[in-house]
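Survey of secondary and tertiary structure
The chain contents come next:
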Amino acid sequence: QVQLVESGGGLVQAGGSLRLSCAASGRTLGSYAMGWFRQAPGKERAFVASISVSGGRKYYADSVKGRFTISRDNTKNTVYLQMNSLEAEDTGVYYCAADTTSSWPSVTYGSYDYWGQGTQVTVSS
């Protein structure tokens, strides 16, 4: 079992920044690819970013490229999502997820088998 807890969400003005954290317990994250997804009101959960075990491979949704950065600190069992130049369209609940079957990051929702409870990000325009 892997327990994931997100934090760092909140209300921010457009153009601002937030840093989300995802802390794991139960197992070390050091063997798993990790991802961030988000769900806007009335929409399906969508891929945001993912990272390999080593941190050397990262993928981003086109809508966040150049603005968001995913990173991880395996010694702290934590994954981060730095979000800059936030836009109103970035509003939603952000979830981190672990793929315990692979060290290679996926962009697919179904690849991830453990999820956090989510943290709300609201960007005011």
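This write-up is about the structure you can find in this document. (Residues numbered from 1 in each chain as written. Predicted model: local features only at pLDDT ≥ 70, side-chain atom pairs only at ≥ 80, totals over all residues. Heavy atoms only, no water.)

Focus: the sheet that holds strand β1 (residues 3-7)
Operational definition: Two strands pair if DSSP finds at least two bridges between them. Secondary structure elements are defined from DSSP: runs of H or I of at least 4 residues count as helices, runs of E of at least 2 residues count as strands, and each element is numbered from the N terminus. Angles here are taken between N-to-C directions and fall from 0 to 180 degrees, while the axes themselves are lines fitted to C-alpha atoms, restricted in helices to the stretch in contact.
The strand order β1-β3-β8-β7 describes an open sheet built from four strands, whose pairing is antiparallel. Strand pairing shows two members of the sheet lacking a second neighbour, β1 and β7 (68-73), which therefore form its edges. Across this sheet, the average inter-strand angle for adjacent strands is 15°, counted without regard to direction. The sheet contact formed by β1 and strand β3 (residues 18-25) spans five bridges and is antiparallel.

Details of the environment of Thr122
We count it as follows: Whether two residues touch is decided by their heavy atoms; if any such pair falls within 4.5 Å, the residues are in contact.
Assignment of secondary structure puts Thr122 in strand β11 (residues 119-124). What Thr122 contacts, discounting residues up to four positions off in sequence, is Gly10, Leu11, Val12 and Thr91.

Concerning the pattern of salt bridges
We apply this condition: Each salt bridge in this description consists of a side-chain nitrogen of Lys or Arg and a carboxyl oxygen of Asp or Glu lying within 4 Å of one another. Only protein chains enter the accessibility calculation, which uses a 1.4 Å probe. A residue is then buried if its area is under 20% of the maximum for its type, exposed if over 50%, and partly exposed in between.
Within this structure, the stated rule accounts for four salt bridges. For Arg38, the salt bridge is made with Asp90, and the minimal N-O distance between the two is 2.8 Å. Taken together, the residues Arg38 in strand β4 (residues 33-39) and Asp90 in the loop between β8 (78-83) and β9 (92-99) connect sequence positions 52 residues apart. Like Asp90, Arg38 is buried. In this structure, Glu87 and Arg67 form a salt bridge, with 3.8 Å as the shortest nitrogen-oxygen distance. Linking Glu87 in the loop between β8 and β9 with Arg67 in the loop between β6 (58-60) and β7, this pair joins segments that are 20 residues apart in sequence. Counted as one network, the salt bridges with shared partners bring together Arg38, Arg67, Glu87 and Asp90.

Quick notes on the pairing of strand β5 (residues 46-51)
Across the six residues of β5, five count as buried, placing the element largely inside the fold. For β4 and β5, the ladder comprises five bridges, and the chain directions are antiparallel. Among the inter-strand pairings, Met34 is bridged to a residue of β5, identified as Ile51. Between β4 and β5, which follow one another and run antiparallel, lie six residues, and Gly42 among them has a positive phi close to 75°. In the sheet, β5 pairs with β6 via three bridges, with the strands oriented antiparallel. Across the sheet, the residue bridging to Ala49 is Tyr60, located in β6. In this structure, the hairpin formed by β5 and β6 is closed by a connection of six residues, where Gly55 is found at a positive phi of approximately 85°.

Concerning unusual backbone geometry
Of note, the phi angle at Asn77 is positive, near 55°, even though the residue is not glycine. Here the phi dihedral of Ser85 falls at roughly 50°; this positive angle occurs in a residue that is not glycine. Locating Ser85 in the fold gives a position in the loop between β8 and β9.

Some points on the packing of aromatic side chains
Stated precisely, the cut-off is as follows: Pairing of aromatic rings covers Phe, Tyr and Trp, the last counted by its six-membered ring, and requires centre-to-centre distances within 6.5 Å; plane angles under 30 degrees mean stacked, over 60 mean edge-to-face, and any other angle means tilted. Here, over-ring charges are defined by two tests on the NZ atom of lysine or the CZ atom of arginine: distance to the ring centre within 6 Å, and angle to the ring normal within 35 degrees.
As enumerated under the stated definition, the model contains six aromatic pairs in all. Where Phe37 meets Tyr109, the ring centres are 6.2 Å apart and the plane angle is 90°; that geometry is what we call edge-to-face. Of this pair, Phe37 sits in strand β4 while Tyr109 is found in the loop between β9 and β10 (114-115), placing the two residues 72 residues apart along the sequence. You can call Phe37 buried: its relative accessible area is 1%. Centroid distance Tyr112 to Trp115: 6.2 Å. Interplanar angle 65°. Geometry classified as edge-to-face. Since its relative accessible area comes to 6%, Tyr112 is described here as buried. For Trp115, a relative accessible area of 22% puts it in the partly exposed group. Taken together, Phe37, Phe47, Tyr109, Tyr112 and Trp115 form an aromatic cluster joined through their ring pairs. A cation sits over an aromatic face here: Arg19 above Tyr80, 3.9 Å from the ring centre. Over the ring of Tyr95 we find Arg45; its NZ or CZ atom is 3.6 Å from the centre of that ring.

By themselves, these figures tell us nothing about what the structure is for.
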